[in-house]
Amino acid sequence: MNLTVYDKGMIKGIEKGREEGREEGREQGQISGLISGLMFATELKFGRTDPVIAEKLNALSSLDEIGRAQTFLKQASTPEEFLRDLARP
């Protein structure tokens, strides 16, 4: 079957869209896994995770934000201190 330039462009566009979707899915999966790890680490450090802290952690949407939260957790002595740090811009 002979494909037109238009058909070839459409196929290439679809393939590119699929690859971008897979990449976005991998990043979202990584973020989700890191948030789960933060929740677990919070429970290990402070006991049961405060629902407000859980809400703040679940709202994290980038690897940079998660990295900051990991640092805050390591430095915090109390859940209140961790929550205060999470609220910082």
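Report on the accompanying structure.

So, how was this worked out
Residues numbered from 1 in each chain as written. Predicted model: local features only at pLDDT ≥ 70, side-chain atom pairs only at ≥ 80, totals over all residues. Heavy atoms only, no water. Phe/Tyr/Trp six-rings, centres within 6.5 Å; stacked < 30°, edge-to-face > 60°. Helix = DSSP H or I, 4+ residues; strand = E, 2+ residues; numbered from the N terminus. Buried < 20%, exposed > 50% of the residue type's maximum accessible area, 1.4 Å probe, protein only. 1 Å grid on protein atoms, 1.4 Å probe; cavity = no way out; pocket = protein on both sides within 12 Å on 5 of 7 lines; lining within 4 Å. Points joined across faces, edges and corners; volume = space filled by probe spheres on them. Nonpolar A, V, L, I, M, F, W, Y, C, P; charged D, E, K, R; others polar. Contact = heavy atoms within 4.5 Å. Salt bridge = Lys/Arg side-chain N within 4 Å of Asp/Glu carboxyl O.

1. With respect to the packing of aromatic side chains
Move 1: Under the counting rule described, the total for this entry stands at one aromatic pair.
Move 2: Taken together, a centroid distance of 6.4 Å and an interplanar angle of 35° make the contact between Phe46 and Phe82 tilted. Here Phe82 lies in helix 4 (residues 79-87) and Phe46 lies in helix 1 (residues 5-46), a separation of 36 residues in the sequence.
Move 3: The exposure class of Phe82 is buried, given its relative accessible area of 0%.

2. Here's the deal with the layout of surface pockets
Move 1: A volume near 160 Å³ is recorded for the largest pocket.
Move 2: If you go around the largest pocket, the residues you meet are Lys56, Ala59, Leu60, Glu65, Arg68, Ala69, Phe72, Leu86, Arg88 and Pro89.
Move 3: Per element, the largest residue contribution to the lining of the largest pocket is four residues, and it comes from helix 3 (residues 63-75).
Move 4: For the lining of the largest pocket, the class distribution of residues is six nonpolar, no polar and four charged.

3. Some points on the side chain of Thr49
Move 1: As for its placement among the helices and strands, Thr49 is situated in the loop between helix 1 and helix 2 (51-58).
Move 2: Beyond its immediate sequence surroundings of up to four residues, Thr49 is in contact with Met39, Thr42, Glu43 and Ala54.

4. Here we look at the pattern of salt bridges
Move 1: Per the counting criterion, the structure on display carries four salt bridges.
Move 2: Residue Glu19 is joined to Arg22 by a salt bridge in which the shortest nitrogen-to-oxygen separation is 3.2 Å. Taken as a pair, Glu19 and Arg22 lie in helix 1 at a separation of three residues, close to a single helical turn.
Move 3: The salt bridge involving Arg84 is made with Asp85; its shortest N-O contact spans 3.3 Å.
Move 4: Because the salt bridges share partners, they merge into one network encompassing Glu19, Arg22, Glu23 and Arg26.

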